[in-house]
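Observations on the model geometry
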Amino acid sequence: MDDVDIELDELELVAAAAGYHYYNSITRQPSRSSTPKRSGFLSELLSADEDVCREMLRMDKHVFHKLCDILRQRGMLRDTAGVMIEEQLAIFLNIIGHNERNRVIQERYQHSGETISRHFNNVLRAVKSLSREFLQLPPVSTPLQILESNRFYPYFEDCIGVIDGMRIPAHVPAKDQSRFRNKKGILTQNVLAACTFDLQFIFVYPGWEGSATDSRLLRAVLDDPDQNFPPIPEGKYYLVDTGYVNMDGFIAPFPGTRYHLPEYRGANLLPRNANELFNHRHASLRNAIQKSFDVLKTRFPILKLAPQYAFHTQRDIVIAACVIHNHIRREDKSDWLFKDVEGRYVEELPDLDENSDHLAFQIQEQSAPGFRDSITTAMWNDFINKWDEW
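A brief look at the structure comes next. (Residues numbered from 1 in each chain as written. Predicted model: local features only at pLDDT ≥ 70, side-chain atom pairs only at ≥ 80, totals over all residues. Heavy atoms only, no water.)

On to the environment of Ser-334. Here Ser-334 is to be found in the loop between α13 (311-331) and α14 (336-341). By relative accessible area, which is 49% here, Ser-334 ends up partly exposed. As for Ser-334 and Asp-60, which are separated by 274 residues in sequence, their C-alpha atoms are 10.0 Å apart. There is a polar contact of 2.8 Å between the side chain of Ser-334 and the side chain of Asp-332. (Helix = DSSP H or I, 4+ residues; strand = E, 2+ residues; numbered from the N terminus. Buried < 20%, exposed > 50% of the residue type's maximum accessible area, 1.4 Å probe, protein only. Polar contact = N/O pair within 3.5 Å; in protein donor to acceptor, adjacent residues only side chain to side chain.)

The following block contains the structure:
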């Protein structure tokens, strides 16, 4: 009987210990089945003034919540035991919107470096997966920016957008650096982009070495169906600069004629001939893509530097940034960065490879001059006879 009593006492002690451990687990630690809570930093941020949220998240609160809803409803991200989707997205936006280092984000959100890195990559993949939906051709109807201007309509009524290259600093292994050096010796990736006159991106093709010319990128995209360049509707076209070939679907300015808007100032304000008039209006419309680039890089300064990520991650960051750029444009027409570029000319940075593809210029005048000439003639006749607006 004494042995039995000893066994019962031991069982009671074990049961008591197990009960104590269970009690502690449910009172002192968050349950995995419970809804995760926001971090203290994010809660303060989302309850702060709109300007504070805008500065940290690079967008207004309602735009941020809408993007969270999209990612949650489509199952692209999920809340974890310790990090809600809102916090995951905020971490990602803090990094690309301020080029913050992992250690800074660790301190701010009170998570380990591994947790920060994991959620950054998860959000990057999720946002990139939205590119097919968010980067699309606009309607085939004439854009309002053209339709409502006597300077552009009806001459450019069939224009659907603008194409140009954007060079972004790159971090690449030593063995690849010679290909990625531009003419100034800076390591860059060349990004081919197309945008609408509403400043939304239609197509983005990052990852090319900085030494590649813009015309080479465009030819590579058009020759490779796997790149999924959106088909150009019959009779429609993009505006391109003098680094590209003037051909069906792509209208370039007249080479050897002043083009950039700063060249039309002071005593040289008015065009002296039909080609100059065409080039001036072409440049005015084509500035839409410079505005898009300006807004994109201002919102996400990580694109102005060479982040210490693997190159495929640097490439994906460009795509994700363009997706978020389009999301903001659709959800918030009064966004402060878009408002800042409205109605003003964004200075175009000199193309480090401009005039480098001599083949483009040799072909340019032989490819499709007729359509451009007909636009130029109609434009010049109206300019001479009506003189309403130039």
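More follows now that the structure is in view.
Counted under the stated rule, the structure contains 15 aromatic pairs. With 6.3 Å between their ring centres and 20° between their planes, Phe-201 and Phe-293 make a pair best called stacked. Linking Phe-201 in strand β3 (residues 201-209) with Phe-293 in helix α12 (residues 274-299), this pair joins segments that are 92 residues apart in sequence. Grouping residues by exposure puts Phe-201 and Phe-293 together as buried. In this structure an aromatic cluster arises from ring pairing among Phe-203, Tyr-205, Trp-208, Phe-229, Tyr-238 and Phe-250. Directly above the ring of Trp-336 sits Arg-299, whose terminal nitrogen or CZ lies 5.4 Å from the centroid. (Phe/Tyr/Trp six-rings, centres within 6.5 Å; stacked < 30°, edge-to-face > 60°. Lys NZ or Arg CZ within 6 Å of the ring centre and 35° of its normal.)

As a further point, take the pattern of salt bridges. Using the criterion set out here, one finds 27 salt bridges in the structure. Of the charged contacts in the structure, one is a salt bridge between Asp-79 and Arg-72, with a shortest N-O distance of 3.0 Å. The partner of Asp-176 in a salt bridge is Arg-179, and the shortest N-O contact between them spans 3.3 Å. The buried category is assigned to Asp-176, whose relative accessible area is 16%. Taking the relative accessible area as the measure of exposure, Arg-179 reaches 38% and is therefore partly exposed. Each of Lys-175, Asp-176, Arg-179, Glu-209 and Arg-216 takes part in a single network of salt bridges with overlapping partners. (Salt bridge = Lys/Arg side-chain N within 4 Å of Asp/Glu carboxyl O.)

Next up on the list: unusual backbone geometry. In this structure, Pro-154 follows Tyr-153 across a cis peptide bond, with omega equal to 10°. With respect to the element layout, Pro-154 can be found in the loop between α9 (144-147) and β1 (159-169). Of note, Gln-110 is a non-glycine position whose phi angle comes to about 60°, a positive value. Following the sequence through the fold, Gln-110 ends up in the loop between α6 (102-109) and α7 (113-128). Here the phi dihedral of Asn-228 falls at roughly 60°; this positive angle occurs in a residue that is not glycine. As for its placement among the helices and strands, Asn-228 is situated in the loop between α11 (214-223) and β4 (237-239).

Our next topic: the state of the cysteines. Note: disulfide means a covalent bond formed between the sulfur atoms of two cysteine side chains. What the rule picks out here adds up to zero disulfides. Sulfur of Cys-159: no disulfide; nearest cysteine sulfur belongs to Cys-195 and is 9.8 Å away. (Disulfide = S-S within 2.5 Å.)

Here we take up α7. The end-to-end C-alpha distance of α7, which contains 16 residues, comes to 22 Å, matching closely the 22 Å that a straight helix rising 1.5 Å per residue would cover. The complete set of buried residues in α7 reads Thr-115, Ile-116, His-119, Phe-120, Val-123, Leu-124, Ala-126 and Val-127. Taken down its axis, α7 places every buried residue within 165° of arc, on the same side. Tucked inside the fold, the buried residues of α7 contact α4 (61-73), α5 (85-98), α6, α8 (131-134) and α13. (Expected span 1.5 Å × (residues − 1). Arc of directions from axis to C-beta. Contact = heavy atoms within 4.5 Å.)

Below, the discussion takes up the nonpolar core. Counting residues in each nonpolar core, the largest one holds 78 residues, and the members touching the most others are Phe-156 and Ile-324. Aside from chain neighbours lying at most four places away, what touches Ile-324 is Met-59, Leu-67, Phe-92, Leu-93, Ile-96, Val-127 and Phe-300. The next biggest cluster of nonpolar side chains, apart from the first, holds 18 residues, and it includes Ala-194, Leu-217, Val-221 and Tyr-238. (Core = buried A, V, L, I, M, F, W, Y, C linked by side-chain atoms within 4.5 Å.)

One can find Leu-67 in helix α4. Spatially, the C-alpha atoms of Leu-67 and Glu-331 are 9.6 Å apart, while their sequence positions differ by 264 residues. Ignoring any residue separated from it by four or fewer positions in sequence, one finds Leu-67 in contact with Leu-89, Leu-130, Ile-324 and His-327.

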